Amino acid sequence: MELINFIYMFFFYAVFGYIWEVIWVSAGQKKLTNRGFLYGPLLPIYGFGAVFITLFVDHAIERFNDSYIVIFFSGLIIATALEFITAVSYTHLTLPTKA
């Protein structure tokens, strides 16, 4: 896959993830809720998740001959690891440090 395809994928899923999350949370709270932290309709966690899953699951498919269980658990582990790393990083960047 070429780099431009990954760039398109990143922006598509970042925007689509933003729209999905705003609809989901707004429906639960019964008011329009902005879920993004950037200017504009973009949540990069979804874009990076799509790119990483595509990269690593493609590798797992080649290695394990299209095993659906391997594909499922590869995507699950990658998405969980990305969410965890993002949460820990965001927490360390936003919480005040003790002097």
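Residues numbered from 1 in each chain as written. Predicted model: local features only at pLDDT ≥ 70, side-chain atom pairs only at ≥ 80, totals over all residues. Heavy atoms only, no water.

Pulling in residues and values, what's your account of the packing of aromatic side chains?
Counting across every chain of the model gives 8 aromatic pairs. Between Trp20 and Trp24, the aromatic rings sit 6.0 Å apart at their centres with planes inclined by 25°, giving stacked as the arrangement. Taken together, the residues span about one helical turn, with Trp20 and Trp24 both in helix H1 (residues 3-29) at a distance of 4 residues. Members of the aromatic cluster, joined through ring pairs, are Phe10, Phe11, Phe48, Phe52 and Phe56. (Phe/Tyr/Trp six-rings, centres within 6.5 Å; stacked < 30°, edge-to-face > 60°. Helix = DSSP H or I, 4+ residues; strand = E, 2+ residues; numbered from the N terminus.)

Just give me the short version of the layout of surface pockets, but keep the residues and values in it.
For the largest pocket, the calculated volume is near 470 Å³. Lining of the largest pocket is provided by 14 residues; of these, Phe37, Leu43, Ile45, Thr86 and Tyr90 occupy positions nearest its centre. Every element with two or more residues in the lining of the largest pocket is listed here: helix H2 (44-64) and helix H3 (68-94). Of the residues contributing to the lining of the largest pocket, the split by class is 10 nonpolar, 1 polar and 3 charged. Taken as a whole, the second largest pocket encloses approximately 230 Å³ of empty space. Along its surface, the second largest pocket is lined by Tyr13, Phe16, Gly17, Trp20, Ile45, Tyr46, Gly49, Ala50, Ile53, Ala79, Leu82 and Glu83. Counting residues per element, the ones that place at least two in the lining of the second largest pocket are H1, H2 and H3. By residue number, the principal contributor to the lining of the second largest pocket is H2, which donates 5 residues. (1 Å grid on protein atoms, 1.4 Å probe; cavity = no way out; pocket = protein on both sides within 12 Å on 5 of 7 lines; lining within 4 Å. Points joined across faces, edges and corners; volume = space filled by probe spheres on them. Nonpolar A, V, L, I, M, F, W, Y, C, P; charged D, E, K, R; others polar.)

Describe H1, naming the residues involved and giving the relevant values.
Over its 27 residues, H1 extends 39 Å from the first C-alpha to the last, a length consistent with the 39 Å expected when each residue adds 1.5 Å. Turning to H1, its buried residues number three or more, namely Phe6, Met9, Phe10, Ala14, Gly17, Tyr18, Glu21, Val22, Val25 and Ser26. Of the residues one or two after H1, Lys30 is the one with positive phi, at around 60°. (Expected span 1.5 Å × (residues − 1). Buried < 20%, exposed > 50% of the residue type's maximum accessible area, 1.4 Å probe, protein only.)

Could you give me a rundown of the side chain of Thr33, with the residues and numbers involved?
For Thr33, the location among the structural elements is in the loop between H1 and H2. Within polar-contact distance, the side chain of Thr33 engages the side chain of Gln29 at 2.9 Å. Residues in contact with Thr33, not counting those within four places in the same chain, are Val22, Val25 and Ser26. (Polar contact = N/O pair within 3.5 Å; in protein donor to acceptor, adjacent residues only side chain to side chain. Contact = heavy atoms within 4.5 Å.)

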